Amino acid sequence: MPDFFEIERLVEHLAKIYSTACATSWYKVNNISNPSIGEFRNKVIEFMKHFEYSLSTFPQGNDSEKFKKYACSLLKKEIERVQNGENKEVEKRYKYFLDYL
């Protein structure tokens, strides 16, 4: 398998950089100031899953399908980490969000 360092880093940081920012903004826009940690994690995961659309835009073909399968497996692992409370950045961002409001 080719080196997909870039996509590995992207998926690794997806929750921290993109999905938590979208989740906190979503709660702010909807005037929800005290979601549970489970609700917050689920919203982060919802935004993480948007990455699947980006993967779907890659062309068809054997190498592309291998790449998409690999990237989806990385995404699944990161989603599981968020669900299980194992992503320290998501947990930190949740606490910050509650303290901020």
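Residues numbered from 1 in each chain as written. Predicted model: local features only at pLDDT ≥ 70, side-chain atom pairs only at ≥ 80, totals over all residues. Heavy atoms only, no water.

Chemist: Help me out: how do you make sense of the pattern of salt bridges in this one?
Modeler: Side-chain pairing between opposite charges can occur once the charged atoms of the two side chains come close. Per the counting criterion, the structure on display carries 7 salt bridges. Ionic pairing is found between Glu 12 and Arg 9, a salt bridge with its closest N-O pair at 2.7 Å. Here Arg 9 and Glu 12 lie together in helix H1 (residues 5–29), a separation of 3 residues that amounts to about one turn. As a salt-bridge pair, Glu 65 and Lys 68 come within 3.0 Å of each other at their nearest N and O atoms. (Salt bridge = Lys/Arg side-chain N within 4 Å of Asp/Glu carboxyl O. Helix = DSSP H or I, 4+ residues; strand = E, 2+ residues; numbered from the N terminus.)

Chemist: What exactly am I supposed to notice about unusual backbone geometry here?
Modeler: Glycine aside, residues mostly have negative phi angles, and peptide bonds mostly take the trans form. The phi dihedral of Asn 31 falls on the positive side, at around 55 degrees, and the residue is not glycine. You can see Asn 31 is positioned in the loop between H1 and helix H2 (37–48).

Chemist: Mind showing me how you'd approach the packing of H2 against helix H5 (residues 88–100) here?
Modeler: When two helices pack together, their arrangement is given by the angle between their axes and by how far apart the axes lie. One can describe the packing of H2 onto H5 by two numbers: an axis separation of 11 Å at closest approach and a directional angle of 120 degrees. Classed by the angle they form, the pair H2 and H5 counts as oblique. Classified by chirality, the crossing of H5 by H2 is right-handed. Where H2 abuts H5, its residues Ile 37, Phe 40, Arg 41 and Val 44 lie against Val 90, Glu 91, Arg 93 and Tyr 94. Looking at the contact of H2 with H5 residue by residue, the classes come out as 5 nonpolar, no polar and 3 charged. (Axes fitted to C-alpha atoms, helices over the stretch in contact; angles between N-to-C directions. Parallel < 35°, antiparallel > 145°, perpendicular 65-115°, else oblique. Left-handed = near helix turned anticlockwise from the far one by under 90°. Contact = heavy atoms within 4.5 Å. Nonpolar A, V, L, I, M, F, W, Y, C, P; charged D, E, K, R; others polar.)

Chemist: Any chance you could explain H1 here in plain terms?
Modeler: In an α-helix, one full turn covers 3.6 residues, which means residues spaced three or four apart are oriented alike. Between its terminal C-alpha atoms H1 stretches 35 Å, which fits the 36 Å expected from 25 residues at 1.5 Å a residue. At His 13, H1 shows its maximal bend, which comes to roughly 60 degrees. Residues of H1 that are buried in the fold lie against H2, helix H3 (51–56), helix H4 (62–83) and H5. (Expected span 1.5 Å × (residues − 1). Bend = angle between axes of the 7 residues up to and from the residue.)

Chemist: I tried to follow the packing of aromatic side chains on my own but got confused; where do I start?
Modeler: In this description, a pair of aromatic rings is defined by centroid distance and the angle of the planes. One pass over the structure, following the stated rule, counts 9 aromatic pairs. For the ring pair Tyr 27 and Phe 40, a centre distance of 6.3 Å and an interplane angle of 25 degrees mean the geometry is stacked. With a gap of 13 residues between them, Tyr 27 in helix H1 and Phe 40 in helix H2 connect regions that are remote in the sequence. The pair formed by Tyr 27 and Phe 40 is uniform in burial state, with each residue classed as buried. A residue is classified by how much of its surface remains accessible, and Phe 40, at 0% relative accessible area, is buried. (Phe/Tyr/Trp six-rings, centres within 6.5 Å; stacked < 30°, edge-to-face > 60°. Buried < 20%, exposed > 50% of the residue type's maximum accessible area, 1.4 Å probe, protein only.)

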